[in-house]
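Here is how the chains run, residue by residue.
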Amino acid sequence: QPCHGRGRNLRGLCQAMKLLRGLIFGLLLAGLVAPAQAGSDVARVSLHWLSLLDAGKFDESWSHSSTLLRLQQMPDQWNRRMKRLQDAYGALSMRSVSGVSFSRTMQGMPDGSYATVRFQSSFFRQRNATETVTLRWETDKWRIVNYVVR
């Protein structure tokens, strides 16, 4: 946590930023904020998380994932799954956002605030792939709840 243990002014600023993110998310759900901003936020979070996978930092990607994902898969299961995917697809050549959507429900998941980010990607062994990252709003940030590549 970048704000933990910092001076009082920085902690106050960090708390204000958390409140602002929550407010923006609430306004987005109410349809009062442009979806482009929220879409860019979830795309940014997804790209950062995917960069962990690209670098083979599977433990770190697991720890940055949602509570729901971490309850479904233990770290060793997650690491094996991600390693198999990486071996099957090879190194990333290109990735670009192809779509972002938001929902209050997700099949097989409890109701909440979800975002789905789709990427058109190219890998060494799979030139035309679609990556789908599903995120869930948890407390004060977006966290990954599912990852699929086809």
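Within each chain, residues carry numbers counting from 1 in the order of the written sequence. The model is predicted, so local features are restricted to residues of pLDDT at least 70 and side-chain atom pairs to those at 80 or more, both for listing and for counting; the totals for chains, interfaces and linings are taken over all residues. Think of the side-chain values as coming from all heavy atoms in the structure, minus any hydrogens and water.

**Digging into the confidence of the model for the protein**
One rule of thumb: low pLDDT means the predicted coordinates there are not for detailed reading.
So, point 1. In the predicted model, the protein carries a mean pLDDT of 84, and the fraction of residues at 70 or more is 75%.
So, point 2. Long-range and interchain partners of residues 27-36, a stretch whose pLDDT sits below 50, account for 10 contacts in this model, where long-range means more than four residues apart. Confidence of the predictor in every single residue is expressed as pLDDT, which spans 0 to 100. Residue contacts are defined here by distance: any two heavy atoms, one from each residue, within 4.5 Å place the two residues in contact.

**A short note on the side chain of Glu 131**
So, point 1. Secondary structure elements follow DSSP: runs of H or I no shorter than four residues count as helices, runs of E no shorter than two count as strands, and numbering proceeds from the N terminus. As for its position among the elements, Glu 131 is in strand β3 (residues 129-138).
So, point 2. Per-residue accessibility, obtained with a 1.4 Å probe over protein chains only, is compared with the maximum for each type, and a residue is labelled buried under 20%, exposed over 50%, and partly exposed between these values. Under the relative-accessibility criterion, Glu 131 is labelled buried at 1%.
So, point 3. Ignoring any residue separated from it by four or fewer positions in sequence, one finds Glu 131 in contact with Leu 50, Arg 95, Val 117, Arg 118, Phe 119, Ser 121, Phe 123, Tyr 147, Val 148 and Val 149.

**Describing the sheet that holds strand β4 (residues 141-149)**
So, point 1. Following DSSP output, two strands are said to pair if at least two bridges run between them. Spatially, the four strands line up as an open sheet ordered β1-β2-β3-β4, and their pairing is antiparallel. The outermost strands of the open sheet, each flanked by one partner alone, are β1 (92-103) and β4. With strand direction ignored, the average angle separating the axes of adjacent strands in the sheet is 25°.
So, point 2. The angle between two axes is taken between their N-to-C directions and runs from 0 to 180 degrees, where each axis is a line fitted to C-alpha atoms and a helix contributes only its stretch in contact. Its contacts with the sheet put helix α5 (residues 75-89) on β2 (114-123), β3 and β4, and the angle it makes with β4 is roughly 50°.

**Some details on the environment of Asn 146**
So, point 1. Within the secondary structure, Asn 146 is located in strand β4.
So, point 2. A C-alpha to C-alpha distance of 5.0 Å links Asn 146 and Thr 134, two positions 12 residues apart in sequence.

**Examining the nonpolar core**
So, point 1. Formed by 24 residues in total, the largest nonpolar core has its most connected members in Leu 53, Trp 78, Leu 135 and Tyr 147.
So, point 2. Looking at this core element by element, the count peaks at six residues for helix α2 (residues 35-54).
So, point 3. In this view, Leu 53 contacts Phe 58, Ser 61, Trp 78, Met 82, Gln 86 and Tyr 147; residues no more than four positions away in its chain are not counted. We define the nonpolar core as a collection of buried residues of types Ala, Val, Leu, Ile, Met, Phe, Trp, Tyr and Cys that are connected through side-chain atoms lying within 4.5 Å of one another.

**Here's the deal with a nonpolar patch on the surface**
So, point 1. Each patch is assembled from residues with relative accessible area greater than 30% and no salt bridge, linking like charges that lie within 9 Å and nonpolar side chains (Val, Leu, Ile, Met, Phe, Trp, Tyr) that lie within 5 Å. In these tables, accessible area is a Shrake-Rupley quantity obtained with a 1.4 Å probe, and a residue counts as shielded only by the protein chains included in the view. Salt bridges are defined by distance alone: a side-chain nitrogen of Lys or Arg within 4 Å of a carboxyl oxygen of Asp or Glu. On the surface, Leu 47, Val 97 and Val 100 cluster together into a nonpolar patch covering about 200 Å² of accessible area.
So, point 2. Topologically, Leu 47 is positioned in helix α2.
So, point 3. When its relative accessible area of 37% is taken as the criterion, Leu 47 is described as partly exposed.

**Remarks on the packing of aromatic side chains**
So, point 1. Any two rings among Phe, Tyr and Trp, with Trp reduced to its six-membered ring, count as a pair given centres within 6.5 Å; such a pair is stacked if its planes are under 30 degrees apart, edge-to-face if over 60, and tilted if neither. For the structure on display, the rule yields five aromatic pairs.
So, point 2. Plain terms: the ring middles of Tyr 89 and Phe 123 are 5.6 Å apart, the flat faces sit at 65° to each other, and that makes the pair edge-to-face. On the criterion of sequence distance, the pair formed by Tyr 89 in helix α5 and Phe 123 in strand β2 is long-range, its members being 34 residues apart.
So, point 3. Taking relative accessible area as the criterion, Tyr 89 reaches 15% and is therefore assigned buried.
So, point 4. A relative accessible area of 6% means that Phe 123 is categorised as buried.

**With respect to the pattern of salt bridges**
So, point 1. Evaluation of the coordinates by the stated rule reveals four salt bridges.
So, point 2. Of the charged contacts, one joins Arg 95 and Asp 54 as a salt bridge, the two residues approaching to 2.7 Å between their closest N and O atoms. Highlighted residues: Arg 95 in strand β1 and Asp 54 in helix α2, separated in sequence by 41 residues.
So, point 3. Assessed through its relative accessible area of 18%, Arg 95 is described here as buried.

**Focus on unusual backbone geometry**
Backbone phi values are negative for most residues with the exception of glycine, while trans is the configuration of most peptide bonds.
So, point 1. For Thr 139, which is not a glycine, the phi torsion comes out positive at approximately 60°.
So, point 2. Residue placement: Thr 139 occurs in the loop between β3 and β4.
So, point 3. What makes Thr 139 exposed here is its relative accessible area of 79%.

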